[in-house]
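Chain by chain, the residues run as shown.
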Amino acid sequence: MRSTDPAGDRARGRGDRAVAGLPLRGRDREIAAVREDLEAVRAGRGARVVVEGAPGVGKTRLLAELDEMARRSGFDVVSVRADELDQYAAGAALQSALQPSDGPHRVAVAADDQRLRLLDGVADALEARAQRAPVAVLVDDAQWADPATLFVLRTLPGRLAGSRILWVLAVRPEAERPTVAMVREDLERLGARWLTLGPLPQQELGQIAADVLGATPSPGLARHLRGVAGNPFLAIELVRAFAGTDVVKVEAGVASLVHDGIPAGFRRSVATRLDRLPGDAVRLLQMGSVLGREFDLGTAARMLGRRVGSLLSGVEAALNAGLLSADGPRLAFRHDLMRQAVHENLPRAVRTALHREAADSLRGIGARSTEVAWHVVMSGGPVDEAAVTTLTTAVRELSASAPDAAADLAQRIAGLLPPRDRRRITLLTDDAEYLGRTRRVHEALDLVDATLSDRLEPPREACLRLVAAEIHQAAGDDSAAMTHLRRALDLPALPPDVRVRLLKTKGTGHVYLGDITAVEQTDTGLVAAAYRGDDPAVVVSAMVFQSQTSFYRGRLARAVELAEEAAGRAGTESGALYLRPRGFRRCGWPWRCSPPTGSRTPSGSCGTDSARRRRWASAGHFPTGTRPVPAPSSNRARWTTRPWRPRPV
């Protein structure tokens, strides 16, 4: 293939319509390096450049930019782009590109003497051109170049080193043809400049999206771009697939998604890529898309009813196509958007059945509960008792390290259960708690309101209202918190431990409202009941409550003593994550000033009562005289966390 016309080269030789007319982003270093080589060739020295990178990373786009730069600098450009079928072609694409425009498209080459004549003919043609103007020879996708062209590339860059010729080859790093490897080695020996194109940063992908859409991408659209793993071709394909539909709206210069999901145009382009692969590779990719971004080959083989060894050719084809990587113990999709597209191209009935089978298979081999849970959710139910146990275990395990993800998982699981199912209400209660922990307060309270609209059993309604009250307290809305607590305490047949937790939280609300008399009235029987309980969290909570009451009554030594004891127990009991205070919405408790148990005045602690008083007074919470003066409500905004509270049961 040849092209001496810039427009024709971009439309035909470069063949990359996805990038036509878009500025090149994120390759300033590479452009500066190539510009140096162009100047060197103009000065009379030959130069060689190898551009290496994975499919879609921008090799073709960089060569297109180089093409334009060279032409603007007065270069005669000879451009060749190889095709996958060319590696078995008998002709010579490079020689064809040097023929006059009315000459044959490709010159046939067969015997060795013809190859030598070919070599001499190409050399003569290039030298003749170099006498008139500097020449740039651009070969894209050189890993697929025909044997005759590779023969020329092995020989002429060294033979014509003294001529004004810039040789630029774009090649994939995993090219395995021996001849291609020899070309690379020969160019390396000649001192070729090696440009390795890596993934683009997220900021550059955002600029590409803005170029395509004519507007700044919204955070939601930018999240989709993270799925392309820095691959600009996939980014452009994805954004253009969005732009061609009503999925994207542009307002005030910002492009945002109307609804989530992979656009159909992108899914079709992925399906086209899969059509070029052997059947084993396609089946492996389809099964892998069900198992996740990273997946175990053995699990995929079992689900396909195959032995691992029989899938090796399929693995190799998927690796060579740049769709999978094998850098770790598991296979992985190079781009999660590719996995999503393969997954969504499966019929829905097939997807759900495969996810259900994957859940059973993974549960049978003792896989992580979170991994099994994802497949159960993706299967859409129904769920049996064993599945519910796995799902709730997954939520609890996830909540310790990632409450945000636990909240989302709990809500999806709850959607698989019948509306009045007790397990569903428990999951939604936990969900509201996790949302509150991650500052998604509005979502948490909306969920509480929606769940309370159903007629719940009194203990479950009480637990849900307890969670709502604690979220309101953390947000500084004590009035709303007290409303939930009063309604919960009016419910009949509450378990004693639930009533204790409600009373404790109500007492804390009175503290925040500055009504210490009400606090002491709430205390009647509350602390004694807490100490009789078996839950160490409730005992610690009661101590904290007593510490608060003592503090606001001015009994500072007793307040500190109780706080220290509570802190000591929280640090030694199991489940300490929930027993330790997470922070303080107000400075009304002496936690920040109290020394650890057994060390009354350590260096840096508050030490004496007078020091404690000064610190508390500076925070606006010092009790004047015998009647404490509560902190003004504006002080709440300083604190983004709150004291520990027991989890609902």
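First, a word on scope: everything that follows refers to the structure included in this document. Computed from a predicted model, the values in this text were never measured in an experiment.

About the thresholds
Residue positions are given per chain, counting from 1 as you read along its sequence in written order. Restriction of local features to residues with pLDDT of at least 70 applies here, the model being predicted, together with a cutoff of 80 or more for giving and counting side-chain atom pairs; totals for whole chains, interfaces and linings are based on all residues. Processing note: side-chain calculations cover all non-hydrogen atoms of the structure and skip hydrogens and water entirely. Strands here mean DSSP runs of E at least two residues long; helices mean DSSP runs of H or I at least four residues long; both are numbered from the N terminus. Partly exposed describes any residue whose relative accessible area lies between the buried limit of under 20% and the exposed limit of over 50%, with all areas from a 1.4 Å probe on protein chains only and scaled to the type maximum. Contacts are assigned to residue pairs that have any heavy atoms within 4.5 Å of one another. Reported accessibility uses the Shrake-Rupley method at a 1.4 Å probe radius. Residues are deemed covered only where the shown protein chains occlude them. Note on geometry: axes are lines fitted to C-alpha atoms, helical ones only across the stretch in contact, with angles between N-to-C directions running from 0 to 180 degrees. We call two directions roughly parallel when the angle between them is under 35 degrees, roughly antiparallel when it is over 145, roughly perpendicular when it lies between 65 and 115, and oblique otherwise. Crossing handedness is defined as follows: a turn of the near helix away from the far one that is anticlockwise and smaller than a right angle gives a left-handed crossing, while the clockwise case is right-handed. In this scheme Phe, Tyr and Trp rings, the latter by its six-membered ring, pair at centre separations within 6.5 Å, and the angle between planes marks the pair as stacked below 30 degrees, edge-to-face above 60, and tilted otherwise. Salt bridge criterion: a side-chain nitrogen from Lys or Arg within 4 Å of a carboxyl oxygen from Asp or Glu. For two strands to count as paired, DSSP must find a minimum of two bridges between them. The span one expects for a helix is its residue count, reduced by one, times 1.5 Å. In this text, buried Ala, Val, Leu, Ile, Met, Phe, Trp, Tyr and Cys residues form a nonpolar core when linked through side-chain atoms within 4.5 Å. A right-handed crossover is one whose linking path, passing over the helix from the first strand to the second, runs clockwise when the strands point away from the viewer.

## Quick notes on the overall build of the protein
Part 1 of the argument: In terms of regular secondary structure, the protein is built from 30 helices and 13 strands.
Part 2 of the argument: Within the protein, buried positions represent 52% of all 649 residues.
Part 3 of the argument: Pairs at least 24 apart in sequence give 69% of the contacts found in the protein among residues at least 6 apart.
Part 4 of the argument: Summing over all exposed atoms, the protein offers an accessible surface of approximately 28900 Å²; the carbon and sulfur share of this is 50%.

## Quick notes on the packing of helix 17 (residues 369-379) against helix 18 (residues 385-401)
Part 1 of the argument: Where helix 17 contacts helix 18, the axes come no closer than 8 Å and their chain directions differ by 125°. The angle between helix 17 and helix 18 places the two elements in the oblique class. Handedness of the helix 17/helix 18 crossing: left-handed. Across the interface between the two elements, Ser369, Thr370, Val372, Ala373, Val376 and Val377 of helix 17 pack against Ala387, Thr390, Leu391, Thr393, Ala394, Glu397 and Leu398 of helix 18.

## Quick look at the environment of Leu166
Part 1 of the argument: Tracing the sequence through the fold places Leu166 in strand 6 (residues 165-171).
Part 2 of the argument: It is 7.7 Å that separates the C-alpha atoms of Leu166 and Val49, two residues lying 117 residues apart in sequence.
Part 3 of the argument: With residues near it in sequence (within four places) discarded, Leu166 still touches Asp37, Leu38, Val41, Ala47, Arg48, Val49, Leu66, Val135, Ala136 and Val137.

## Focus: unusual backbone geometry
Part 1 of the argument: Backbone geometry places Asp141, a non-glycine residue, at a positive phi of 55°.
Part 2 of the argument: As for its position among the elements, Asp141 is in the loop between strand 5 (135-140) and helix 6 (147-159).
Part 3 of the argument: For Asp141, a relative accessible area of 8% gives the class buried.

## Some words on the packing of aromatic side chains
Part 1 of the argument: Inspection of the entire model under this criterion finds 1 aromatic pair.
Part 2 of the argument: Judged by centre distance (6.0 Å) and plane angle (50°), the ring pair of Phe295 and Phe333 falls under tilted. Within this pair, whereas Phe295 is found in strand 11 (residues 294-295), its partner Phe333 is found in strand 13 (residues 331-333), the two being separated by 38 residues in sequence. One exposure class covers both Phe295 and Phe333, and it is buried.

## Some words on the pattern of salt bridges
Part 1 of the argument: Summed over all chains, the structure comprises 29 salt bridges.
Part 2 of the argument: In this structure, Glu433 engages Arg437 in a salt bridge whose closest nitrogen and oxygen atoms are separated by 3.5 Å. Linking Glu433 with Arg437, this pair stays in helix 20 (residues 422-437), spanning 4 residues, or about one helical turn. The exposure classification of Glu433 matches that of Arg437, with both residues buried.
Part 3 of the argument: In the salt-bridge network here, residues are joined through shared partners; they are Glu36, Asp37 and Arg193.

## Concerning the environment of Gly121
Part 1 of the argument: Mapped onto the elements, Gly121 comes out in helix 5 (residues 112-132).
Part 2 of the argument: Along the primary structure Gly121 and Leu98 are separated by 23 residues, whereas in three dimensions their C-alpha atoms are 9.6 Å apart.

## Let's talk about the sheet that holds strand 12 (residues 324-325)
Part 1 of the argument: Pairing is antiparallel in the open sheet, where 3 strands are placed in the order 11-13-12. The open sheet terminates on both sides in strands that have one partner only, identified here as strand 11 and strand 12.
Part 2 of the argument: The pairing of strand 12 with strand 13 spans 2 bridges and is antiparallel. In the sheet register, Ser325 faces strand 13, and the bridge partner there is Ala332.

## A look at the sheet that holds strand 6
Part 1 of the argument: Sheet architecture is open: 5 strands sit in the order 2-5-6-1-7, paired in parallel fashion. Looking along the sheet, the strands with just one partner apiece sit at the ends: strand 2 (76-81) and strand 7 (193-197). The sheet shows a mean angle of 15° between the axes of neighbouring strands, direction not considered.
Part 2 of the argument: With 5 bridges connecting them, strand 5 and strand 6 associate as parallel partners. Each residue of the ladder has a partner; that of Val139, found in strand 6, is Leu169.
Part 3 of the argument: The sheet contacts of helix 2 (residues 28-42) involve strand 1 (47-53), strand 5, strand 6 and strand 7, and relative to strand 7 the element is tilted by about 155°.

## Some words on helix 3 (residues 59-72)
Part 1 of the argument: The first and last C-alpha atoms of helix 3 sit 20 Å apart over 14 residues, in line with the 20 Å expected at 1.5 Å per residue.
Part 2 of the argument: Within helix 3, 12 of the 14 residues are buried, which leaves it mostly tucked inside the rest of the structure.
Part 3 of the argument: Along helix 3, the positions that sit buried rather than exposed are Lys59, Thr60, Arg61, Leu62, Leu63, Ala64, Glu65, Leu66, Asp67, Met69, Ala70 and Arg71.
Part 4 of the argument: Downstream of helix 3 by a residue or two, Gly74 has a phi angle that is positive, lying close to 85°.

## Quick word on the nonpolar core
Nonpolar side chains in soluble globular proteins tend to end up buried together.
Part 1 of the argument: In terms of nonpolar packing, the biggest core is built from 47 residues, with Phe266, Leu284, Leu285, Phe295 and Leu324 touching the most fellow members.
Part 2 of the argument: Here the element with the most residues in this core is helix 12 (residues 279-291); it accounts for 7 residues.
Part 3 of the argument: When near neighbours in sequence (up to four residues on either side) are disregarded, Phe295 contacts Leu284, Gly288, Ala300, Leu324, Arg330, Leu331 and Phe333.
Part 4 of the argument: With 36 residues, the next largest nonpolar core counts Ala373, Val395, Leu456 and Ala468 among its residues.

## Side note on the pairing of strand 5
Consecutive side chains of a regular strand alternate in pointing toward one face of the sheet and then the other.
Part 1 of the argument: Along strand 5, 6 of the 6 residues are buried, which leaves the element largely enclosed by surrounding structure.
Part 2 of the argument: Relative to strand 5, strand 2 is paired through 6 bridges, and the arrangement is parallel. Along strand 5, the bridge assignment pairs Ser79 with Leu138.
Part 3 of the argument: Between the parallel elements strand 5 and strand 6, the chain passes through helix 6 in a crossover that is right-handed.

## Considering the pairing of strand 6
Part 1 of the argument: Summarising burial for strand 6: 7 of the 7 residues are buried, a large majority.
Part 2 of the argument: Neither face of strand 6 is left uncovered, since the one carrying Ile165, Trp167, Leu169 and Val171 and the one carrying Leu166, Val168 and Ala170 both have all their residues buried.
Part 3 of the argument: When strand 1 meets strand 6, the two strands line up parallel, connected through 6 bridges. Counted as the bridge partner of Arg48 is Trp167 from strand 6.

## Some words on the packing of helix 17 against helix 19 (residues 403-414)
Part 1 of the argument: Following both chains from N to C, one finds helix 17 and helix 19 inclined at 40°, their axes separated by 10 Å at the closest point. The orientation of helix 17 with respect to helix 19, classified from their angle, is oblique. Like other packed secondary-structure pairs, helix 17 and helix 19 cross with a definite hand, here left-handed. In this structure, helix 17 uses Ala373, Val377 and Met378 to contact helix 19, whose residues at the interface are Leu409, Arg412 and Ile413.

## Thoughts on helix 2
Part 1 of the argument: For helix 2, spanning 15 residues, the distance from its first C-alpha to its last is 21 Å, which sits close to the expected 21 Å at 1.5 Å a residue.
Part 2 of the argument: Within the span of helix 2, buried status applies to Glu30, Ile31, Ala33, Val34, Asp37, Leu38, Ala40 and Val41.
Part 3 of the argument: Structurally, helix 2 contributes buried residues whose contacts are with strand 1, helix 3, strand 5, strand 6 and strand 7.
Part 4 of the argument: Where helix 2 ends, the next residue or the one after it, Gly44, has phi of about 115°, a positive value.

Worth remembering: the numbers are spatial, not functional.
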